[in-house]
Amino acid sequence: GWVQSVTPKQSYFLNENFGVNVKPGYTLSSPPRPFFGATARSRGKEWQEILSKALKRYGIDKAEKAMELAARRAQSDIQETIRNNGTKEDRFPDRSPLTLAIYASQASVTAKANKRNIESTSGSARSQSLVKTGKMLNSIQYEIEGTKK
């Protein structure tokens, strides 16, 4: 996250480009949305149990397979946290009205300068944080590095 005081140049820019009147000196902030840490706190014990049970089932010789099962679950859980705007224990704040206004202004015209309708379920109009294009969500992956023999 971050916190910042609006400068006169930023105030002018926001007003001219997005029609958003934010006075100089006003404080803007973006709250932290720690999707990885929140998921680890919420589901970490489950990941440990998966790994422990898999190691007992497959043996230490198949440790990579056991780690892959736990990693696959962690990947899925982290993506779920992003989609759900947090976990049951750690909810993330929605996008601010300022962010939504900026996104609406940017998305209201196509690359060919045609007006377009913005759906409330689209990435730009959605109040849910962390999901706009889906790129970050789809970038959550895992990698198991093997041991050298």
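Whatever comes next refers back to the structure up there.
Residues numbered from 1 in each chain as written. Predicted model: local features only at pLDDT ≥ 70, side-chain atom pairs only at ≥ 80, totals over all residues. Heavy atoms only, no water.

Draft legend 1. A look at helix H2 (residues 35–58). Of all the bends found along H2, the most pronounced is centred on Arg43 and spans about 65°. Along H2, the residues classified as buried are Phe35, Ala38, Thr39, Gly44, Trp47 and Ala54. In this fold, the buried residues of H2 make contact with helix H3 (63–83) and helix H5 (135–139). Gly59 lies just past H2 and shows a positive phi near 85°. (Bend = angle between axes of the 7 residues up to and from the residue. Helix = DSSP H or I, 4+ residues; strand = E, 2+ residues; numbered from the N terminus. Buried < 20%, exposed > 50% of the residue type's maximum accessible area, 1.4 Å probe, protein only. Contact = heavy atoms within 4.5 Å.)

Draft legend 2. Main features of H3. Given a rise of 1.5 Å per residue, 21 residues ought to cover 30 Å, and the 30 Å separating the end C-alpha atoms of H3 matches this to within 8%. Listed as buried for H3 are Ala63, Ala66, Ala70, Ala71, Ala74, Gln75, Asp77, Ile78, Gln79, Thr81 and Ile82. Buried-residue contacts for H3 involve H2 and H5. Trailing H3 by a residue or two, Asn85 shows a phi angle of about 60°, which is positive. (Expected span 1.5 Å × (residues − 1).)

Draft legend 3. Inspection of the packing of H2 against H3 at higher detail. Contact geometry of H2 with H3 gives a least axis separation of 8 Å together with a crossing angle of 155°. Between H2 and H3, the angle is such that the two are roughly antiparallel. Two packed elements cross with a definite hand, and for H2 against H3 that hand is right-handed. Tallied by class, the residues present in the contact of H2 with H3 amount to 16 nonpolar, 2 polar and 6 charged. (Axes fitted to C-alpha atoms, helices over the stretch in contact; angles between N-to-C directions. Parallel < 35°, antiparallel > 145°, perpendicular 65-115°, else oblique. Left-handed = near helix turned anticlockwise from the far one by under 90°. Nonpolar A, V, L, I, M, F, W, Y, C, P; charged D, E, K, R; others polar.)

Draft legend 4. Focus on the pattern of salt bridges. Per the stated rule, a full pass over the model turns up 7 salt bridges. As a salt-bridge pair, Glu46 and Arg43 come within 4.0 Å of each other at their nearest N and O atoms. A residue pair is termed a helical-turn pair when its members lie 3 or 4 positions apart in one helix, as Glu46 and Arg43 do in helix H2 at 3 residues. Note on Glu46: relative accessible area 30%, which makes it partly exposed. (Salt bridge = Lys/Arg side-chain N within 4 Å of Asp/Glu carboxyl O.)

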